[in-house]
Amino acid sequence: MYVIRLADGTLRVPQTLSSDDGRLIGNAYVELLPGDPDYDRWLAEALTEEELAERRRRWLEENDDLEREFLAFKAEQDG
């Protein structure tokens, strides 16, 4: 999950929720507005929605070599 910077400056920051015994309940986004005490901390790593879409597009188009490498590794482990 990535920190996403919306056009109005709002940041969507990923947050993981877990139970008292450590089990994962779910992942969600928390919105931070400019002026929030944690805003500047997250701003440096934030991506715009367009940058995030471009990363996803590149990942889908350019992951063939990585996928082949993983499948070869998996076959070696299974074999």
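Heads up: the structure comes first, above all this text.
Cut-offs used in this document
- Each chain has its residues counted from 1, following the order in which its sequence is written.
- Side-chain atom pairs in this predicted model are given and counted only at pLDDT of 80 or more, local residue features only at pLDDT of at least 70, and totals for whole chains, interfaces and linings cover all residues.
- Hydrogens and water molecules were not included; the side-chain quantities draw on all heavy atoms of the structure.
- By salt bridge we mean one thing: a side-chain nitrogen of Lys or Arg within 4 Å of a carboxyl oxygen of Asp or Glu.
- Only protein chains enter the accessibility calculation, which uses a 1.4 Å probe. A residue is then buried if its area is under 20% of the maximum for its type, exposed if over 50%, and partly exposed in between.
- Segments assigned H or I by DSSP are reported as helices when at least four residues long, segments assigned E as strands when at least two residues long, and all are numbered from the N terminus.
- In this analysis, two residues are considered to be in contact whenever any of their non-hydrogen atoms come within 4.5 Å of each other.
- Strands were regarded as paired on the criterion that DSSP finds at least two bridges between them.

### Some details on the pattern of salt bridges
Under the criterion given, the structure shown has five salt bridges. The closest approach of N and O atoms between D21 and R23, which form a salt bridge, is 3.0 Å. Per residue, the accessibility class of D21 equals that of R23, and both read exposed. The closest approach of N and O atoms between E61 and R57, which form a salt bridge, is 2.4 Å. Within this pair, E61 and its partner R57 are both found in helix α2 (residues 49-62), separated by four residues, close to a single helical turn.

### A closer look at the environment of Q15
Inspection of the secondary structure assignment puts Q15 in strand β2 (residues 11-18). Here Q15 falls in the partly exposed class, since its relative accessible area comes to 38%. The spacing of Q15 and L32 is 17 residues in sequence and 12 Å in space, taken between C-alpha atoms. Contact partners of Q15, with chain neighbours within four places excluded, come to G26, N27, A28 and V30.

### What to know about the sheet that holds β2
If you trace the four strands from one edge of the open sheet to the other, you get β3-β2-β1-β4, paired in mixed fashion. Across the chains shown, the open sheet's two edge strands, defined by having one partner strand only, are β3 (24-32) and β4 (47-48). Across eight bridges, the pairing between β2 and β3 is antiparallel. In the sheet register, P14 faces β3, and the bridge partner there is Y29.

### Here's the deal with the pairing of β2
Judged from the two bridges that link them, strand β1 (residues 4-5) and β2 form a sheet pairing that is antiparallel. The residue of β2 that forms the bridge with R5 is L11. The hairpin formed by β1 and β2 contains five residues between the paired strands, and G9 there has a positive phi angle of roughly 95 degrees. Here β2 folds back onto β3 in antiparallel fashion, the turn holding five residues, of which G22 has a positive phi close to 90 degrees.

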